[in-house]
Amino acid sequence: MSSCFNGGAGWPEPVVRVQTVSDSCGSTIPERYVKAPSERPSSLAAPSGDGGGLNNIPVVDMSMPDGEETARAVAAACREWGFFQAVNHGVRPELLRRARAAWRGFFAQPAEAREVYANSPATYEGYGSRLGTAKGGPLDWGDYYFLHLLPAALKSHDKWPSLPHAGLREATEEYAEEVVQLCRRVMRLLSRGLGLDDGRLQAAFGGVGGEGACMRVNFYPRCPQPELTLGVASHSDPGGMTMLLVDDHVRGLQVRNAGHWITVDPVPDAFIVNIGDQIQVLSNAVYKSVEHRVTVSAAEERLSLAFFYNPRSDLPLAPMPELVAPPARPALYPPMTFDEYRDHIRRRGLSGKAQLQSLQMATTCAPPAATASSSSSSSSPSTLAS
Ligand SMILES: O=C(O)CCC(=O)C(=O)O
């Protein structure tokens, strides 16, 4: 049994791998994974038939040049849904398959081999099974691998698995290089969609080369009672923007829209792109960072690669002045660095949109200058697995 525990490493209690639970729990999942009725997959489910067609998230063809039409399509999706599927995005399909296959290979290794990379809450880098350090808190039905990519000073190949073969590191490096280019392109389109210079959002992120990036590879084992649990509980992404590569065949991602959970029908080889909290802040809530969650399956396991593109972590971020015009459009958020923002989530775990909402309340109650919490720079490694 020792192979399924990582009892030390700073966690408040032994960490049990969901892969192990899935293999050993029979037909009943342990209580810790059972969600409250209001959080279960059946809660606020979209009326039947609404998961596809018109109610699916928008699809944007990125093969078009970066003209007004593409900018309009991206901006409209990010205003209305906070999500879109990018097709013909330029990242090589061969690379998508290679990266996916390499990471599947990691999770197919024997437990002892995976445990070598067990993570701790200090940086979250490595093989993990929980977010947040509250003892006895609810758990999600998924394991993950988390690693840093940018800034280069935070990247440590020692913390990346060399399993199942060295090709995993190579594929991850190549994948990251191409996905960063795509992120920078979407940033230009988002800037244009706000009526700003193409480089404006990127400048707010710390410029080209100043941004942060990290990746979480999620692995959701089969679950005998998928109606009682979630692979990832409802949350919005704390960072800038996420490029999610999901399983082409197994559905699982649900996006909250107009009070309902819409199940995304993945387009093969598309990236599911979503706005994170930091772009909601910078755009003064023009672009929406939307809650999403993951359901799991009794029949099939699922893998996803979530690439998080983030601002430089020590810059105070606030709504861009061009988008603030009181009294009609006051700044909705006080300045805060990404380091400060995610520290909260690192300690408390995911909680829907609670953190962003609490910031907004603070601002509407007091002028930004009075509530500003711009901090001194911190070079501590990024923490939350996002
Ligand atoms: O696996 C998925 O479809 C989504 C994962 C996700 O939301 C996350 O890693 O933050």
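Reading guide: rules and limits
Residues numbered from 1 in each chain as written. Predicted model: local features only at pLDDT ≥ 70, side-chain atom pairs only at ≥ 80, totals over all residues. UniProt positions renumbered as here; feature names shortened; annotations may be inferred. pLDDT = per-residue confidence, 0-100. Contact = placed C-beta atoms within 7 Å. Pairing = 2+ DSSP bridges. Helix = DSSP H or I, 4+ residues; strand = E, 2+ residues; numbered from the N terminus. Axes fitted to C-alpha atoms, helices over the stretch in contact; angles between N-to-C directions. Expected span 1.5 Å × (residues − 1). Buried ≥ 20, exposed ≤ 12 C-beta atoms within 10 Å, placed from the backbone. Arc of directions from axis to C-beta.

The name recorded for the protein in an unreviewed UniProt entry is Fe2OG dioxygenase domain-containing protein, from Oryza punctata. As its UniProt record puts it under Catalytic activity (unreviewed entry), the protein is described as follows: "jasmonate + 2-oxoglutarate + O2 = (1R,2R)-12-hydroxyjasmonate + succinate + CO2".

We now examine the confidence of the model for the protein. Averaged over every residue, the pLDDT of the protein is 88; the share at 70 or more is 86%. A low-confidence stretch, residues 1-5 stays under pLDDT 50, and its non-local contacts, those more than four residues away or across chains, total 10 contacts. Within the model, the stretch residues 365-384 combines pLDDT values under 50 with 42 contacts to residues more than four positions away or in other chains.

Strand order in this open sheet of eight strands is S3-S4-S12-S9-S14-S7-S6-S5, and the pairing throughout is mixed. Two strands lie at the open edges of the sheet, namely strand S3 (59-61) and strand S5 (126-128), each paired on one side alone. With direction set aside, neighbouring strand axes in the sheet form an average angle of 25°. Pairing of strand S9 (residues 241-246) with strand S14 (residues 302-310), which is carried by six bridges, proceeds in the antiparallel orientation. Note on S14: the bridge partner recorded for Leu244 is Ala306. Along the sheet, helix H3 (residues 93-107) makes contact with strand S6 (143-150), strand S7 (212-220), S9 and S14, crossing S14 at roughly 115°.

Looking now at H3. In this model, H3 (15 residues) spans 22 Å end to end at C-alpha, consistent with the 21 Å of a helix rising 1.5 Å per residue. Listed in full, the buried residues belonging to H3 are Leu96, Ala99, Arg100, Ala102, Trp103, Phe106 and Phe107. Down the axis of H3, the buried set is contained in an arc of 160°. They therefore lie on one face. Opposite its buried face, H3 presents the exposed residues Pro93 and Glu94, each directed more than 90 degrees away.

This part takes up the pairing of S14. Of all nine residues in S14, eight are buried; the element is thus mostly enclosed. Note: S7 against S14, nine bridges, orientation antiparallel. Across the sheet, the residue bridging to Cys214 is Phe308, located in S14.

Looking now at the sheet that holds strand S11 (residues 260-263). Strand order in this open sheet of four strands is S8-S13-S10-S11, and the pairing throughout is antiparallel. The open sheet is flanked by strand S8 (232-235) and S11, the only strands paired with a single partner. Adjacent strand axes in the sheet meet at a mean angle of 25°, parallel and antiparallel pairs treated alike.

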